[in-house]
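Secondary and tertiary structure notes
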Amino acid sequence: DAKTTQPNSMESNEEEPVHLPCNHSTISGTDYIHWYRQLPSQGPEYVIHGLTSNVNNRMASLAIAEDRKSSTLILHRATLRDAAVYYCILAVYNQGGKLIFGQGTELSVKP
Amino acid sequence: KAGVTQTPRYLIKTRGQQVTLSCSPISGHRSVSWYQQTPGQGLQFLFEYFSETQRNKGNFPGRFSGRQFSNSRSEMNVSTLELGDSALYLCASSPGTGALYGYTFGSGTRLTVV
């Protein structure tokens, strides 16, 4: 199973942009890059996903390196509600619902 | 639009008993996956069902089983409960191939085995 590497923790200031990095050097052509976040006592929440091109949605942007071996989740203006554990996951197209979660990055946001 | 609904939210069982957890996916979603989350092991994939067929399975003992009904609702069963089965059990649904569409998770069922 393809693995991802993320920093254990990051800090941000409220209303500033946050860039959460993820390395996935063993990514293969059919692996989609997914990001989820989890608040305490809640299930993970979908943030964004992509294959090759950069993606934007109302929550965040996903910047994917040209060689696809790394990606960055961008929160444009961090709020206190963005404090969570962020998981970067490679989802294999032909393996259905199997997501391999790592330890994720715990993001704290300071007012 | 209703989200993924898991019932019950909390459950306390005794060692040796069995338990059944329920998951109702988002309307129109045909894929349901189950995960176990513990402080020590994190989030681990249990299995996935698509159109009533198990499509994928994680590395859990046979005491963990599941099924999916024709309306896409899913149940998972754990027999002969052990203390180590205490965990948050999460289900996630997707319209089809989750890698392509993304997954929506429920809030989970907190199972405590005593």
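Residues numbered from 1 in each chain as written. Chains lettered and ligands numbered in written order. Predicted model: local features only at pLDDT ≥ 70, side-chain atom pairs only at ≥ 80, totals over all residues. Heavy atoms only, no water.

Thoughts on the environment of F60(B)
All names here are of chain B. This is how the line gets drawn: The helix count covers DSSP runs of H or I at least four residues long, the strand count covers runs of E at least two residues long, and both are numbered beginning at the N terminus. What makes two residues a contact is simply this: any of their non-hydrogen atoms within 4.5 Å.
By secondary structure assignment, the location of F60 is in the loop between β6 (53-57) and β7 (64-68). When the C-alpha atoms of F60 and G102 are compared, they prove to be 24 Å apart, with 42 residues separating the residues in sequence. If near-sequence neighbours (up to four positions away) are discounted, F60 is found in contact with Q36, Q44, F45 and L46.

Here we look at the interface of chain B and chain A
Cut-off, in case you're wondering: Here's the idea: put two parts together, see how much 1.4 Å probe accessible area each one loses, and the total over both is what we call buried area. Should a side-chain nitrogen of Lys or Arg be within 4 Å of a carboxyl oxygen of Asp or Glu, the pair is scored as a salt bridge. Think of a polar contact as two N or O atoms within 3.5 Å of one another; within protein, one of them needs to be a possible hydrogen donor and the other a possible acceptor, and neighboring residues in sequence only count if both atoms come from side chains.
Listed by partner, the interface residues are 20 residues for chain B and 19 residues for chain A. Each partner contributes to the roughly 1600 Å² buried at the junction of chain B and chain A, and carbon and sulfur atoms together form 57% of this total. The largest contributions to the chain B side of the interface with chain A come from L43(B), A99(B) and Y103(B), which together make up 34% of the buried area. At the junction of chain B and chain A, the tally comes to zero salt bridges. In this assembly, chain B and chain A are joined by five residue pairs in polar contact (both at pLDDT 80 or more). Looking at the side of chain B that touches chain A, the elements that each hand over two or more residues are β4 (31-38), β5 (42-50), β6 and α1 (98-101) of chain B. Residue contributions to the side of chain B that touches chain A peak at four residues, all from α1(B).

Remarks on the pattern of salt bridges
Oppositely charged side chains can form a pair if their charged atoms are brought close together. Residues and elements named next belong to chain B. Note the threshold: Only protein chains enter the accessibility calculation, which uses a 1.4 Å probe. A residue is then buried if its area is under 20% of the maximum for its type, exposed if over 50%, and partly exposed in between.
Here the structure, examined in full by the defined rule, presents nine salt bridges over all chains. Salt-bridge contacts for E48 lead to R55; the nearest nitrogen and oxygen are separated by 2.7 Å. For E48, a relative accessible area of 0% gives the class buried. For R55, a relative accessible area of 34% gives the class partly exposed. Close ionic contact of D85 with R63 constitutes a salt bridge, the shortest N to O distance being 2.8 Å. One end of the pair, D85, is in the loop between β8 (74-78) and β9 (87-94); the other, R63, is in the loop between β6 and β7, with 22 residues separating them in the sequence.

Quick notes on the packing of aromatic side chains
Residue and element names in this part refer to chain A. Under the convention used in this document: Working definition: rings of Phe, Tyr and Trp (its six-membered ring) pair if their centres are within 6.5 Å, and the pair is stacked with planes under 30 degrees apart, edge-to-face with planes over 60 apart, and tilted otherwise.
In the structure shown here, the tally under the stated rule is ten aromatic pairs over all chains. On the basis of an interplanar angle of 75° and a centroid distance of 5.7 Å, the ring pair of Y36 and Y46 is categorised as edge-to-face. Note that Y36 is positioned in strand β3 (residues 31-38) and Y46 in strand β4 (residues 45-50), a separation of ten residues in sequence. Residue classification places Y36 among the buried residues on the basis of a relative accessible area of 0%.

A look at the side chain of D85(B)
All names here are of chain B. Judged by relative accessible area, which is 4%, D85 ranks as buried. A distance of 2.8 Å separates a polar side-chain atom of D85 from the backbone nitrogen of E82. Ignoring anything within four residues of it in the chain, the contact list for D85 reads Q36, R63, F64, V78, T80, L111 and V113.

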